[in-house]
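What the coordinates show
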Amino acid sequence: MKEEVKIVSAVALRIIFYGGYLLALSLVFMYDAQPQDFDKFGEASLTERFQEFTVLLIATIFWSTGYFNKLIRPLAYLIAGFFSAAYVREHDAFFDENLFDGGWQLIAYTIVALTLYFVYRYRSSLMQSILNFVESKSFGFLMSGFIVTFFYSRLYGEGYMWRAMMEDRYFRGVKNASEESIELLGYSIILFGAIEFVLWSHKKI
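Computed from a prediction, not measured in an experiment: that's the story for all the values here.

Moving on, we come to the packing of aromatic side chains. With the rule as written, the count across this model stands at 22 aromatic pairs. Their ring planes at 70° and their centres at 5.6 Å tell us that Tyr18 and Phe141 sit as a pair that is edge-to-face. Placement of Tyr18 in helix H1 (residues 2–33) and of Phe141 in helix H7 (residues 137–156) is noted, with a sequence separation of 123 residues between them. The class of Phe141 is partly exposed, set by a relative accessible area of 24%. Between Phe146 and Phe150 the ring centres are 4.9 Å apart and the planes differ by 35°, which places this aromatic pair in the tilted class. You can see Phe146 and its partner Phe150 sitting in helix H7, four residues apart, about one turn around the helix. Judged by its relative accessible area of 21%, Phe150 falls in the partly exposed class. Grouped by ring-pair contacts, the aromatic residues Phe82, Phe83, Phe146, Phe150, Phe151 and Tyr187 constitute a single cluster. Between the NZ or CZ atom of Arg123 and the centre of the ring of Tyr120, over which it lies, the distance is 4.0 Å.

Below you can see the structure in the form of structure tokens.
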């Protein structure tokens, strides 16, 4: 009976926390929907800033989890490296302007190279940790968020579809709002996967 109560409580806490987080994001969208001095839901929007922060938080969670748990270190570093490179990609314009054209690519490739080095260094436990990982809650969250963010949101945001839908009433702000909010939703689901990864990693210590 105690075990059943524990499981139900864990599920309830997840619903409250994850649901509350997504509810809070609606406030971000509502803020960006107000009259702005810049393009709504563009590069300078609060939604975009939240995307960048979420990617950075995801990468940090996986790096730190791998650092403290050597059993799943190569897997954690592999995922962390990917999102670290994705974070740099989110700032491509900044690095191109302040370093040189294509500067973000140099940083991203350096991160990828270092990630592969760390993964190779701790490769002995990689395959087993992957096999265990695909059966975890974290894997489901990560895969869902990854597909939403890096596939669906890109297809959903294609301009030709929105022009065909709105015809002569096409308004770029509507297209941006829809695309960026879905992208942030995907990143949020990945963040939930990162949290689940930490919980899962504690069982592997």
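Here the focus is a nonpolar patch on the surface. Together, Ile7, Val11 and Ile15 make up a nonpolar patch on the protein surface, roughly 280 Å² of accessible area in all. Along the chain, Val11 turns up in helix H1. Of the residues examined, Val11 reaches a relative accessible area of 44% and is grouped as partly exposed.

Let's shift gears to helix H9 (residues 172–202). An ideal rise of 1.5 Å per residue puts 45 Å on 31 residues; H9 measures up with 45 Å between its terminal C-alpha atoms. Judged by how many residues are buried, H9 sits mostly within the fold: 24 of 31 residues are covered.

Should pLDDT be low for a region, the predicted coordinates there are not to be read in detail. Mean pLDDT over the protein chain stands at 86; residues scoring 70 or higher make up 96%. Mean pLDDT across the elements of the protein chain ranges from a minimum in helix H4 (residues 92–98), with 72, to a maximum in helix H2 (residues 46–68), with 92.

We now examine the nonpolar core. The tendency in soluble globular proteins is for nonpolar side chains to be buried side by side. Among the nonpolar cores identified, the biggest contains 23 residues, and Phe62, Leu75, Ile79, Phe83, Phe133 and Phe197 are the most heavily contacted of them. Listing elements by their share of this core, those giving two or more residues are H2, helix H3 (73–90), helix H6 (126–133) and H9. Considering every element that reaches this core, the biggest residue donor is H3, with seven residues. In contact with Phe133, not counting residues within four places along its chain, are Leu75, Ile79, Ser138, Phe139, Leu142, Phe197 and Trp200. Grouped together as the second largest cluster of nonpolar side chains are six residues, Ala85, Phe95, Ala108 and Ile111 included.

Take the packing of H3 against H9 next. Look at H3 against H9: their axes get within 13 Å of each other, and the N-to-C directions meet at 155°. The orientation of H3 relative to H9 falls into the category roughly antiparallel. Classified by chirality, the crossing of H9 by H3 is left-handed. Where H3 abuts H9, its residues Leu75, Ala76, Phe83 and Glu90 lie against Glu183, Tyr187, Ile190, Phe197 and Trp200. Among the residues making up the contact of H3 with H9, the classes are represented as seven nonpolar, no polar and two charged.

So, on to the pattern of salt bridges. Scanning all chains against the criterion turns up three salt bridges. The salt bridge partner of Glu196 is Arg14, with a shortest N-O separation of 2.5 Å. Taken together, the positions of Glu196 in helix H9 and Arg14 in helix H1 put the pair 182 residues apart, joining distant regions of the chain. Of the charged contacts in the structure, one is a salt bridge between Arg154 and Glu183, with a shortest N-O distance of 3.6 Å. Residue Arg154 is located in helix H7, and its partner Glu183 is located in helix H9; the two are separated by 29 residues in the primary sequence. Judged by relative accessible area, which is 5%, Glu183 ranks as buried.

Conventions we followed
- Residues numbered from 1 in each chain as written.
- Predicted model: local features only at pLDDT ≥ 70, side-chain atom pairs only at ≥ 80, totals over all residues.
- Heavy atoms only, no water.
- Phe/Tyr/Trp six-rings, centres within 6.5 Å; stacked < 30°, edge-to-face > 60°.
- Helix = DSSP H or I, 4+ residues; strand = E, 2+ residues; numbered from the N terminus.
- Buried < 20%, exposed > 50% of the residue type's maximum accessible area, 1.4 Å probe, protein only.
- Lys NZ or Arg CZ within 6 Å of the ring centre and 35° of its normal.
- Patch = residues over 30% accessible without salt bridge, like charges linked within 9 Å, V, L, I, M, F, W, Y side chains within 5 Å.
- Areas by Shrake-Rupley, 256 points an atom, 1.4 Å probe, with all protein chains shown as cover.
- Salt bridge = Lys/Arg side-chain N within 4 Å of Asp/Glu carboxyl O.
- Expected span 1.5 Å × (residues − 1).
- pLDDT = per-residue confidence, 0-100.
- Core = buried A, V, L, I, M, F, W, Y, C linked by side-chain atoms within 4.5 Å.
- Contact = heavy atoms within 4.5 Å.
- Axes fitted to C-alpha atoms, helices over the stretch in contact; angles between N-to-C directions.
- Parallel < 35°, antiparallel > 145°, perpendicular 65-115°, else oblique.
- Left-handed = near helix turned anticlockwise from the far one by under 90°.
- Nonpolar A, V, L, I, M, F, W, Y, C, P; charged D, E, K, R; others polar.

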